[in-house]
Amino acid sequence: MALRLFLDSADPAAWAEWLPSGLFHGVTTNPTLLRRAGVPCHLETLASLTRQALALGCREVHGQAWGQDAAELEACGRALAALAPGRVIVKLPVTRSGAAAAARLIEADLPVTFTACYEVHQVLVAAALGARYIAPYLGRIDDQGRDGWSDVVAMQRCLRGTGSSVRLLVASLRDAKTLSRLAAEGLDTFTISAAVAAELFASVATEA
């Protein structure tokens, strides 16, 4: 599979700066990023954001569903997917209720990204259900005192070992060096901040 980069931001100003570059397949958002951007987490607001992202050339917008149980997650996920059919990817937590909602959405041919992945074995849930992506939080795994890099590489091996088409969407990447190391191991799908995107161009020798 070809390299696929996403911009991890809900800030339209960052989208306007980076999406025209052609580097990014799409954007990934979540309630935390919405709060940082000062954007309310409401369906109407997300509809407006989706239109803005698509107008800037975004091919996929990953929006996180919310709800107290599987039924509410499914209903929210369907509403999000309807904002731009085939272009909005519904993010769901890799929990039992999230998996139950995902199963219904995938059955309806709606694309799903499992999010908040912290354990190697969780990728098997995504593979079994046929999700489009699953997003491990590498930096946050490191914050737990674990080796996030090794865990993410093991996740990729699990997916390839099972012949799964699920893309491992590596999130919580804090520098371009880590992204490069993972790419050297064969990982090909990443979501990065605008700051890490800028690092991709950082070279004193090239500037000279």
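This text follows the structure it describes.
For clarity, every value in this text was computed on a predicted model and none was experimentally measured.

Cut-off values and rules
- Residues numbered from 1 in each chain as written.
- Predicted model: local features only at pLDDT ≥ 70, side-chain atom pairs only at ≥ 80, totals over all residues.
- Heavy atoms only, no water.
- Helix = DSSP H or I, 4+ residues; strand = E, 2+ residues; numbered from the N terminus.
- Contact = heavy atoms within 4.5 Å.
- Polar contact = N/O pair within 3.5 Å; in protein donor to acceptor, adjacent residues only side chain to side chain.
- Expected span 1.5 Å × (residues − 1).
- Buried < 20%, exposed > 50% of the residue type's maximum accessible area, 1.4 Å probe, protein only.
- Arc of directions from axis to C-beta.

By secondary structure assignment, the location of S193 is in the loop between β8 (189–192) and α10 (194–199). For the pair S193 and L138, spaced 55 residues apart in sequence, the C-alpha to C-alpha distance is 14 Å. Every residue in contact with S193, bar those within four places of it in the chain, is listed here: L7 and D8. In terms of polar contacts, S193 uses its side chain to reach the backbone amide nitrogen of V196, at 3.2 Å.

The end-to-end C-alpha distance of helix α5 (residues 96–107) is 17 Å, a good match for the 16 Å that 12 residues give at a rise of 1.5 Å each. For α5, the full list of buried residues reads G98, A99, A101, A102 and L105. Angularly, the buried residues of α5 cover 165° about the axis, an arc narrow enough to put them on a single face. Of the exposed residues in α5, the ones pointing more than 90 degrees away from its buried face are R96 and E107. Residues of α5 that are buried in the fold lie against α4 (70–81), β4 (88–93), β5 (112–117) and α6 (123–129). With its phi angle positive at about 65°, D109 sits one or two positions after the end of α5.

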